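# Observations on the three-dimensional arrangement
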Amino acid sequence: MSAKIKNIVAREILDSRGNPTVEVKIELTGKITAIAAVPSGASTGGAEAFELRDGDLKRYGGKGVLKAVKNINEIIAKALKGKDAARQQEIDNLMIKLDGTENKTNLGANAILGVSLACARAAAKSLRMPLYKYIADTFHFPPSTFHLPVPMFNIFNGGKHADTNLDLQEIMIIPQAEIPFKEKVRCGAEIFHELKNVLTQHNLDTDIGNEGGYAPDIKSTIFAFDLVLEAIKRAGYIIGKNVFLGIDAGANSFYNEKENHYALKADGVSLTSERLVSLYIEWIGKYNLISIEDPLNEKDWAEWRKAFIRLKTAKGDTMVITDDLTVTNTKLLEKAIKEAVGNAIIIKPNQIGTLSETIKTVKMAKKAGWKIIVSHRSGETCDSFIADLAVGVGADFIKAGSLSRGERLAKYNRLMEIEEEIK
Ligand code: PGA
Ligand code: ZN
């Protein structure tokens, strides 16, 4: 039997960038407690659910979340007390109704999501179930086929996640699917460490960016790819066989709206979307690039459609991933499916604000045959919820950053633990 919600207490904590975020503790009858913390993006999509920040410049430069905390402690807690914690959909709906806005601007998506996630974790505990199994059961995913997602390790940080000239937000290494998860982690870590040696030899900085990947200034975009390939080789792996490359272009951040051009400062060029896509196609051929996230800016649906056709024609199984374009929102995903702009979607619970809505988006994408990539945010905490989420919904991939920084490793370490449980 699951238990009823006895108490909900929220607090302001700090995320991996040192910015305030929301942590929620839920207490159920029977002395069961669970905690969840909310992440925060830096290169956010325009249509994401509303992240409520205080705006009081005397505290944390306006980034405090005391209003969101208060909304939980005084409004949400009151409404949810006595409810069955395992009725996730009902609880999420109640909060959506309580907020009453399309984008969760009243209570804040950061307030609502914290409660939604903590509630799921508490209910799983009360039912003595691992969280991934609870998610699978609650939302009717087939639990008999539990598998681990393939990790996409972001080992080169740029764009809004680093203070350098690399325009691409992320260069990722993706280990081959066939090996155990813990071997994928080893592969990623060995290449990550080798990349440090390669950078040092080229007299480049080995400091890291927001997601734990290296963040040096570089002489050109393809030089960054070359460095990664060198590290892969030196670590004893073969590109195109043991490991593949992926990028999150995060193209919003280098799109110049006035000129309708994409300015790559690392290469000193300004490109039309057509020429930018030609460049991606070149990289697919040269660098075993198998996935491209947010190749173009989020407003240009027509160009996305053309890009998807060209990228697929270049190599049929290329993943064209929507993130800022769809922001885990079923309305936008529906449009994306209809307009055929991609074949894979980033799933970030805080882009939409409740667990139930997140799952709805996953289901819609799966039904359309799209690949699912569950993802962290650049501002994270050590909460590993998305690891269980990825397994629970049977995600194809997970993006949780590099092989350094505790808030990134918390997710990969949890997945290694789950791997042992489900084998
Ligand atoms: P964000 O970046 O968390 O800063 O939005 C992650 C991403 O774009 O995938
Ligand atoms: Zn992204």
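In this text, all values refer to a predicted model and were calculated from it rather than measured experimentally.

### Remarks on the pairing of strand β6 (residues 243-248)
Among the 6 residues of β6, 6 are classified as buried, and the element is accordingly described as predominantly covered. Across the two faces of β6 the burial is the same, with Val243, Leu245 and Ile247 and Phe244, Gly246 and Asp248 all buried. The sheet contact formed by strand β5 (residues 170-175) and β6 spans 6 bridges and is antiparallel. In the sheet register, methionine 172 faces β6, and the bridge partner there is glycine 246. One ladder, built from 4 bridges, connects β6 with strand β10 (residues 289-293); its direction is parallel.

### Topic: the coordination of the zinc ion (ligand 2)
At this site the zinc ion (ligand 2) is bound by Asp248 (OD), Glu293 (OE) and Asp323 (OD), with donor distances of 2.0 to 2.2 Å. The sequence pattern describing where the donors of the zinc ion (ligand 2) fall on their chain is D-x44-E-x29-D. Taken together, the residues glutamate 293 in strand β10 and aspartate 323 in the loop between β11 (319-322) and α9 (330-338) connect sequence positions 30 residues apart. No difference in accessibility class separates glutamate 293 from aspartate 323, as the two residues are buried.

### Quick look at the side chain of asparagine 297
Looking at the element boundaries, asparagine 297 is found in the loop between β10 and α8 (301-314). The exposure class assigned to asparagine 297 is buried, which follows from its relative accessible area of 3%. When residues no more than four places from it in sequence are discounted, the contact partners of asparagine 297 are Ala251, Asn252, Tyr255, Tyr262 and Trp304.

### Side note on the packing of aromatic side chains
Applying the stated rule across the entire model yields 8 aromatic pairs. When the ring of phenylalanine 225 is compared with that of tryptophan 283, the centres are 5.0 Å apart and the planes differ by 65 degrees; the resulting orientation is edge-to-face. Remark: tryptophan 283 occurs in helix α7 (residues 273-287) and phenylalanine 225 occurs in helix α6 (residues 221-234); sequence separation between them is 58 residues. The same class applies to phenylalanine 225 as to tryptophan 283, namely buried. Following the ring pairs from residue to residue traces out a cluster consisting of Phe225, Tyr280, Trp283 and Tyr287. In this structure, lysine 335 is placed above the aromatic ring of tryptophan 301, and the distance from its NZ or CZ to the ring centre is 4.1 Å.

### Describing the sheet that holds strand β9 (residues 269-271)
Neighbouring strands of a sheet are bound in pairs by backbone hydrogen bonds; such pairs are parallel or else antiparallel. Read across the sheet, 3 strands follow the order β7-β8-β9 without closing on themselves; strand pairing throughout is antiparallel. Edge strands, defined here as strands with exactly one partner in the open sheet, are β7 (255-256) and β9. Relative to β9, strand β8 (residues 261-264) runs antiparallel, the two sharing 3 bridges. Each residue of the ladder has a partner; that of tyrosine 262, found in β9, is leucine 271. α7 contacts β8 and β9 of the sheet and is inclined by roughly 110 degrees relative to β9.

### Some details on empty space enclosed by the protein
All chains considered together, the criterion is met by 2 cavities of 30 Å³ or more. Space inside the largest cavity adds up to approximately 110 Å³. Ala37, Pro39, Leu117, Glu380 and Ile386 are the residues nearest the centre of the largest cavity, which is lined by 14 residues in total. Put simply, the parts of the chain that give the lining of the largest cavity at least two residues each are α10 (349-352) and α12 (385-392). Taken together, the residues of the lining of the largest cavity break down into 6 nonpolar, 3 polar and 5 charged. The space that makes up the second largest cavity amounts to roughly 90 Å³. Partitioned by chemical class, the residues of the lining of the second largest cavity number 1 nonpolar, 7 polar and 8 charged.

### Observations concerning helix α2 (residues 88-99)
Look at α2: 17 Å from first C-alpha to last across 12 residues, which is about the 16 Å you get at 1.5 Å a residue. Taken together, the buried positions of α2 are occupied by Gln88, Ile91, Asp92, Met95 and Asp99. Projected down its long axis, α2 shows its buried positions confined to an angular sector of 95 degrees, all on one face. Each element contacted by the buried residues of α2 is listed here: β1 (5-14), α1 (66-80), α3 (109-126), α4 (131-138) and α11 (355-367). Backbone geometry just downstream of α2 places glycine 100 in the positive-phi region, at approximately 75 degrees.

What counts, and where the lines are drawn
Residues numbered from 1 in each chain as written. Chains lettered and ligands numbered in written order. Predicted model: local features only at pLDDT ≥ 70, side-chain atom pairs only at ≥ 80, totals over all residues. Heavy atoms only, no water. Buried < 20%, exposed > 50% of the residue type's maximum accessible area, 1.4 Å probe, protein only. Helix = DSSP H or I, 4+ residues; strand = E, 2+ residues; numbered from the N terminus. Pairing = 2+ DSSP bridges. Donors = N, O, S within 2.8 Å, 3.2 Å for Na, K, Ca; no water. Contact = heavy atoms within 4.5 Å. Phe/Tyr/Trp six-rings, centres within 6.5 Å; stacked < 30°, edge-to-face > 60°. Lys NZ or Arg CZ within 6 Å of the ring centre and 35° of its normal. Axes fitted to C-alpha atoms, helices over the stretch in contact; angles between N-to-C directions. 1 Å grid on protein atoms, 1.4 Å probe; cavity = no way out; pocket = protein on both sides within 12 Å on 5 of 7 lines; lining within 4 Å. Points joined across faces, edges and corners; volume = space filled by probe spheres on them. Nonpolar A, V, L, I, M, F, W, Y, C, P; charged D, E, K, R; others polar. Expected span 1.5 Å × (residues − 1). Arc of directions from axis to C-beta.

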